[in-house]
Amino acid sequence: MTKLTKAQKSRKRKNSEDQCSPCSSSKSSKTVKVSTASSNGSEPFPNFPRPTPEECRTVRDNLLAFHGFPKEFIKYRKQRSVNHDNGIGDENDDISVTESCKESVLDGLISTILSQNTTEANSQKAFASLKSSFPTWESVLAADAKLVEDAIRCGGLAPTKTSCIKGILSSLFQKKGNLCLEYLRELSIEEIKKELSCFRGIGPKTVACVLMFHLQRDDFPVDTHIAKTLRWVPAAADVKKTYLHLNRRIPDELKFDINCLIYTHGKVCRECSRKGSDKPKKEHCDKLCPLLCQSSNAI
């Protein structure tokens, strides 16, 4: 009887985990389901005062001065209609956003899934190959899994990502009778989180990326490593509590900027990389890391 109970618990835990790590900025496969508690009164660290709005703005400004605003995110920033009062310069404001305007919410969700555990170049290549091989999402749903795997193989983890994508498409069709997520644009942030979290394989970083980049909403993906480096959460904070805490403490108008800049910084700074300085980097900070400066100056 005891063995059966443990097996049932193990299966339950396994089924609740994401099968796709949702965001390319994450180096860990550990994910949690998005909680809607972030706006219903839940406060994981009520007596932990950081980060303050001033600290958030300082991190944003320091990273901006260090790297400039990442070019790959400019089209999304323009789409969000961020005004210049947020401190971001306008030197790239003439870049066209035609490409991003053509992207549907479902396109954005699938491209986010394909970005898991691979380079940006490979994920873009995989998405382009998928769209070229299958002109509609209906054709992806109807296709043999092996054909879909072949189309996205250049992005890595093709069997896992194919299962995730086809599962989402199947669930969406069963629920809505079509393959379209544009209805999410009319929902609140918490309603969007609830809708997307119903799909197997969708974790909090996937949801946050869709919210930020494809629905122009304010949310902040979890990066427990960076949050602890900055001392923005207690040392014992887990992924779920970090997500709730940061989304309460970081001002909405700074979430998009900070996420894009930290993502870019993490790719080039060996000091801030999740696996530390033992992992070779193509580039590294050639002067004192602005995040480590911020951390050392913390009270």
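Refer to the structure printed above.
This structure is a prediction, so every number in the text was calculated from the model and none was measured. (Residues numbered from 1 in each chain as written. Predicted model: local features only at pLDDT ≥ 70, side-chain atom pairs only at ≥ 80, totals over all residues. Heavy atoms only, no water.)

Asks: Honestly, the overall build of the protein in this entry has me stumped. Any pointers?
Replies: Along the backbone of the protein there are 15 helices and zero strands. Burial status across the protein gives 48% buried among its 299 residues. Of the contacts made within the protein by residues no fewer than 6 positions apart, 69% connect residues no fewer than 24 positions apart. A total accessible area of about 15,100 Å² is found for the protein, and carbon and sulfur atoms account for 50% of it. (Helix = DSSP H or I, 4+ residues; strand = E, 2+ residues; numbered from the N terminus. Buried < 20%, exposed > 50% of the residue type's maximum accessible area, 1.4 Å probe, protein only. Contact = heavy atoms within 4.5 Å. Areas by Shrake-Rupley, 256 points an atom, 1.4 Å probe, with all protein chains shown as cover.)

Asks: Can you help me understand the nonpolar core in this one?
Replies: The nonpolar side chains of a soluble globular protein tend to be buried, and buried together. If you look at the biggest cluster of nonpolar residues, it comprises 33 residues, and the most contacted ones within it are L106, L109, L130, W137 and L196. Contributions of two or more residues to this core are made by helix 5 (105-114), helix 6 (120-133), helix 7 (137-142), helix 8 (145-152), helix 9 (158-176), helix 10 (189-197) and helix 11 (204-214). Apart from residues lying up to four places away in sequence, L109 is in contact with I168, L181, L196, I202, T206 and V210. Ranked by size, the runner-up nonpolar core spans 32 residues in total, among them L63, M212, I226 and A237. (Core = buried A, V, L, I, M, F, W, Y, C linked by side-chain atoms within 4.5 Å.)

Asks: Where do I start with helix 5 in this structure?
Replies: Turn by turn, an α-helix covers 3.6 residues, leaving residues three or four places apart pointing in a common direction. Within helix 5, 10 of the 10 residues are buried, leaving the element largely enclosed by the surrounding structure. Among the residues of helix 5, V105, L106, D107, G108, L109, I110, S111, T112, I113 and L114 are the ones counted as buried.

Asks: Explanation requested: the side chain of R217 in the structure shown.
Replies: Structurally, the position occupied by R217 is in the loop between helix 11 and helix 12 (224-229). No salt bridge is formed by the buried R217, whose closest oppositely charged neighbour, E186, lies at an N-O distance of 7.1 Å. With sequence-adjacent residues up to four places away left out, R217 is seen in contact with R80, L184, R185, L187, S188, I189, I192, L211 and M212. (Lys, Arg positive; Asp, Glu negative; His and termini not counted. Salt bridge = Lys/Arg side-chain N within 4 Å of Asp/Glu carboxyl O.)

Asks: Is there a simple way to think about unusual backbone geometry in this case?
Replies: One can expect most non-glycine residues to show negative phi and most peptide bonds to be in trans. The amide bond that connects R50 to the next residue, P51, takes the cis arrangement and shows omega of -5 degrees. At R231, a residue that is not glycine, the phi angle is positive and equals roughly 60 degrees. Here R231 is to be found in the loop between helix 12 and helix 13 (239-249). The exposure class assigned to R231 is partly exposed, which follows from its relative accessible area of 44%.

Asks: Teacher, can you tell me more about the packing of helix 8 against helix 9 here?
Replies: Think of two packed helices as two axes; the pair is described by the angle between the axes and how far apart they sit. In the contact formed by helix 8 and helix 9, the axes pass within 9 Å of each other and the chain directions differ by 120 degrees. It follows from the interaxial angle that helix 8 and helix 9 lie oblique. The crossing of helix 8 and helix 9 is right-handed. Note on element contacts: helix 9 touches helix 8 through A158, P159, K161, T162 and K166, opposite A145, V148, E149 and I152. (Axes fitted to C-alpha atoms, helices over the stretch in contact; angles between N-to-C directions. Parallel < 35°, antiparallel > 145°, perpendicular 65-115°, else oblique. Left-handed = near helix turned anticlockwise from the far one by under 90°.)

Asks: For this particular structure, what's the right way to read helix 14 (residues 252-268)?
Replies: The first and last C-alpha atoms of helix 14 sit 26 Å apart over 17 residues, in line with the 24 Å expected at 1.5 Å per residue. When you tally the buried positions in helix 14, you get 13 out of 17 residues, the bulk of the element. (Expected span 1.5 Å × (residues − 1).)

Asks: What am I meant to see in the packing of helix 2 (residues 53-67) against helix 14 here?
Replies: Interhelical geometry of helix 2 versus helix 14 gives an angle of 45 degrees and a closest axis separation of 9 Å. Judged by the angle between their axes, helix 2 and helix 14 are oblique. Judged by the sense of rotation from one axis to the other, the crossing of helix 2 with helix 14 is left-handed. Here helix 2 contributes P53, C56, R57, R60, L63, L64, F66 and H67 to the contact with helix 14, which in turn contributes E253, L254, D257, I258, L261, I262, H265 and V268. Residue classes in the contact of helix 2 with helix 14 are distributed as 10 nonpolar, two polar and four charged. (Nonpolar A, V, L, I, M, F, W, Y, C, P; charged D, E, K, R; others polar.)

Interpretation in functional terms is not warranted from these geometric data alone.
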